[in-house]
Amino acid sequence: MRERLVAGNWKMHGSRESCRALLDAIVAADVACAVCVPFPYLAQAAERLRGTRVAWGAQTLSEHAQGAFTGEVSAAMLGEFGCRYVLVGHSERRHLFGETDAQVAAKFAAARAAGITPILCVGETLQEREAGRTQEVVARQLDAALARGGIGDAVVAYEPVWAIGTGRTATPEQAQEVHAFLRGRLSAQTRLLYGGSVKPDNAAAIFAMPDVDGGLIGGASLVANDFIAICRAA
Ligand code: 13P
């Protein structure tokens with residue numbers, strides 16, 4: 001039986017005060033979940049979430065161990081905070097910041113070497129889906145990371161790019177189809193999350209699919225009651 005996971009990806013949102021309020025609400029609801037917070041709030045999250053059922057993580061990391069890489073944050077730095085998870089290869093990193101499969105794979109390996117569980121994000125664009133290339137794209141993204149020492153206890157998140165922040169979620173069947181394909185390339189133990197416009201009113205149907213083990217939540221993770229409802233649906 002795979003343990004379920006719902007992780008919030010706050011992206012570049014919030015303030016110290018909104019972060020405090022959101023963490024307080026999630027802790028008070030006593031739901032098991034994870035939140036991936038902006039770097040400046042890592043210390044605040046670490047402090048507030050100690051001893052609770054809420055794990056926390058970062059949204060990216062450097063593939064380099066250390067050195068003259070202005071603005072970058074290493075796996076060792078995240079590890080020092082006790083960071084449990086880190087998102088790797090989110091489509092916004094790939095498309096807005098030009099991260100390549102090789103770079104994502106190096107980040108994946110760097111996280112694992114530091115004892116941080118990477119949440120590897122894969123997903124096709126609308127153009128790729130319409131061209132019938134979904135499986136080819138997610139396989140390429142996954143295989144690049146797997147080539148760096150296998151899956152281990154890493155988590156994989158299927159996030160179709162066309163469903164992110166658009167309100168256009170994949171149907172449960174569309175999600176299951178890709179998850180089943182990914183499952184065939186992974187161990188039976190690997191947790192596979194779905195991400196892309198997951199809301200309280202569609203979460204239960206998506207999470208009911210046999211190969212969907214939880215979700216990676218963007219917009220709805222910033223609204224305490226919505227995020228808590230999604231965690232409960234899982
Ligand atoms: P939304 O839930 O806002 O569509 O974002 C999904 C996502 O990118 C999570 O990483």
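Residues numbered from 1 in each chain as written. Predicted model: local features only at pLDDT ≥ 70, side-chain atom pairs only at ≥ 80, totals over all residues. Heavy atoms only, no water.

Chemist: Residue-level account of the sheet that holds strand E7 (residues 192-195), with values.
Modeler: If you walk around this closed barrel you meet the eight strands as E1-E2-E3-E4-E5-E6-E7-E8, and the pairing is parallel. Each adjacent strand pair in this sheet contributes to an overall mean axis angle of 25 degrees, direction not counted. Here strand E5 (residues 117-122) runs beside strand E6 (residues 155-158); their pairing, made up of four bridges, is parallel. Among the inter-strand pairings, leucine 120 is bridged to a residue of E6, identified as valine 156. (Pairing = 2+ DSSP bridges. Helix = DSSP H or I, 4+ residues; strand = E, 2+ residues; numbered from the N terminus. Axes fitted to C-alpha atoms, helices over the stretch in contact; angles between N-to-C directions.)

Chemist: So what's going on with the pairing of strand E2 (residues 33-36)? Which residues, and what values?
Modeler: On E2, burial covers both faces: Cys33 and Val35 on one face and Ala34 and Cys36 on the other are all buried. Bridge count between strand E1 (residues 5-9) and E2: three bridges; the pairing is parallel. Bridge assignment links asparagine 9 to a residue of E2, and that residue is cysteine 36. As for the winding sense of the linkage, the β-α-β connection from E1 through helix H1 (residues 16-29) to E2 is right-handed. Here E2 runs beside strand E3 (residues 54-58); their pairing, made up of four bridges, is parallel. In the sheet register, alanine 34 faces E3, and the bridge partner there is alanine 55. (Buried < 20%, exposed > 50% of the residue type's maximum accessible area, 1.4 Å probe, protein only. Right-handed = clockwise from strand over helix to strand, strands pointing away.)

Chemist: So what's going on with the site of the ligand? Which residues, and what values?
Modeler: Inspection of the region around the ligand gives Asn9, Lys11, His90, Glu159, Ala163, Ile164, Gly165, Gly196, Ser197, Leu216, Gly218 and Gly219 as its neighbouring residues. Here an oxygen atom of the ligand and a backbone polar atom of glycine 218 are 2.9 Å apart. Here glycine 219 contributes a backbone N or O atom positioned 2.8 Å from an oxygen atom of the ligand. The class makeup of the residues in the shell around the ligand is three nonpolar, seven polar and two charged. (Near = heavy atom within 4 Å. Polar contact = N/O pair within 3.5 Å; in protein donor to acceptor, adjacent residues only side chain to side chain. Nonpolar A, V, L, I, M, F, W, Y, C, P; charged D, E, K, R; others polar.)

Chemist: Tell me about the packing of helix H9 (residues 200-207) against helix H10 (residues 224-233), residues and numbers included.
Modeler: At their nearest, the axes of H9 and H10 sit 9 Å apart, and the two run at 20 degrees to each other. Between H9 and H10, the crossing angle belongs to the class labelled roughly parallel. With respect to the hand of their crossing, H9 and H10 are arranged in right-handed fashion. For the pair H9 and H10, contact is made by Pro200, Ala203, Ala204 and Phe207 and by Asp226, Ala229, Ile230 and Ala233, respectively. (Parallel < 35°, antiparallel > 145°, perpendicular 65-115°, else oblique. Left-handed = near helix turned anticlockwise from the far one by under 90°. Contact = heavy atoms within 4.5 Å.)

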